Amino acid sequence: MAGRVEGKVAFITGAARGQGRSHAVRLAQEGADIIAVDICEDVPGVTRFYQGATEADLAETVEQVEALDRRIVATKADVRDYEALKEALDDGVAQLGRVDIVSANAGIFIFGDQSHLVSEQDWRDVTDINQTGVWHTCKAAIPHLIEQGTGGSIVITSSTAGLKGTPNVAPYTASKHAVVGLMRTLALELAPHSIRVNTVHPTSVDTGMIQNEATYRLFLPDAQHPTRDDAEPIFRTINALPVPWVEPVDISNAVLFLASDESRYVTGLELKVDAGYTIK
């Protein structure tokens, strides 16, 4: 079925690469125009694990969406900065006319310490981006959705770590649980406006967030310089289905379903795209 979100506008955070870019492209393939936001710089506490997205990455997202003959308004903005995020969204709405879909996707992954050893800065960085950033995204978009009076769909990216405990990943796990609580609250508050709110819960996804030596060492602590090939068998044991990780488009297809009218009565759902991780 083509054109599943034809005529709609999607607001996507963390859109410069990875899942965010994939969401932008997949929704554009099905007819949506895009309002894209990304910090486009390193978060200092994260660089010991992986590098941040760049403005060139965001420009590549723009090129891929425009190649599909869809419009896109892309802005460098930090989800921790509510005023900047709101300005980016408001500008996108002014140019594209509306917003119908919200993909609160931006997030970071910090790991490795037991909970009582996590630094104050690491806890603050993860909470500010993964939890407060999601709230800011929703806070900026909800007035537009209500004022339009045509309903809408908010899709929050959580994680399998938002459904079960994950040792040595306390800040991330806590933040991904927190956004489930936010989703459930928003689903009730916004239901009278026909605005649906759901979460998606990926297992490991084949992006730079996990495809790096630091993450490999989380699973292979005795290896000096573990590689993707070294890590793949370990990652494969995590999931029930015989795959080490899923692809970004697998998550994008879930976002598309939740954004489309096919899920018009789906709200308050935790949609797992986890290859069976959470049932093991």
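The paragraphs below set out a description of the structure included in this document. Sequence order as written defines the numbering, with residues in each chain counted from 1. The predicted origin of the model limits local features to residues at a pLDDT of at least 70 and limits the giving and counting of side-chain atom pairs to 80 or more, whereas totals for whole chains, interfaces and linings rest on all residues. Only hydrogens and water are set aside when side-chain values are computed; all heavy atoms of the structure are taken into account.

Another aspect to go through is the pairing of strand 5 (residues 152-157). In summary, the side chains of a regular strand alternate between the two faces of the sheet. Buried residues are those whose accessible area, probed at 1.4 Å on protein chains only, stays under 20% of the maximum for their type, while exposed residues exceed 50% and partly exposed ones sit between those limits. The way it works is that DSSP assigns letters per residue, a run of H or I at least four long becomes a helix, a run of E at least two long becomes a strand, and they are numbered from the N terminus. In terms of burial, strand 5 is largely enclosed, as 6 of its 6 residues are buried. Alternating positions in strand 5 separate into two faces, Gly-152, Ile-154 and Ile-156 on one and Ser-153, Val-155 and Thr-157 on the other, with burial throughout. Note on pairing: DSSP must find at least two bridges between two strands before they are called paired. In the sheet, strand 4 (residues 101-104) pairs with strand 5 via 4 bridges, with the strands oriented parallel. If you follow Ser-103 over to strand 5, its bridge partner there is Val-155. By convention, a crossover is right-handed whenever its connection, traced from the first strand over the helix to the second and viewed with the strands pointing away, goes clockwise. On the question of chirality, the crossover connecting strand 4 to the parallel strand 5 by way of helix 4 (residues 120-148) is right-handed. The handedness of the strand 5 to strand 6 (residues 195-202) crossover, carried by helix 5 (residues 170-190), is right-handed.

This paragraph deals with the environment of Val-273. In this structure, Val-273 sits in strand 7 (residues 270-273). Between the C-alpha atom of Val-273 and that of Gly-133, which follows or precedes it by 140 residues, the distance is 22 Å. Sequence-distant contacts of Val-273, that is, excluding residues within four places in its chain, are made with His-201, Pro-202, Thr-203, Val-246, Asp-250, Ile-251 and Ala-254. What makes two residues a contact is simply this: any of their non-hydrogen atoms within 4.5 Å.

Moving on, we get to the pattern of salt bridges. When a carboxyl oxygen of Asp or Glu lies within 4 Å of a side-chain nitrogen of Lys or Arg, that pair is called a salt bridge. Applying the stated criterion across every chain, the model contains 15 salt bridges. Among the ionic pairs, Asp-261 bridges to Lys-8, the shortest N-O distance being 3.9 Å. Of this pair, Asp-261 sits in the loop between helix 8 (248-259) and strand 7 while Lys-8 is found in the segment before strand 1 (9-13), placing the two residues 253 residues apart along the sequence. For Asp-261, a relative accessible area of 52% translates into the label exposed. Between Glu-232 and Arg-236 there is a salt bridge, with its nearest N and O atoms 2.8 Å apart. Of this pair, Glu-232 and Arg-236 both sit in helix 7 (residues 228-238), 4 residues apart, which is roughly one turn of the helix. A relative accessible area of 25% means that Glu-232 is categorised as partly exposed.

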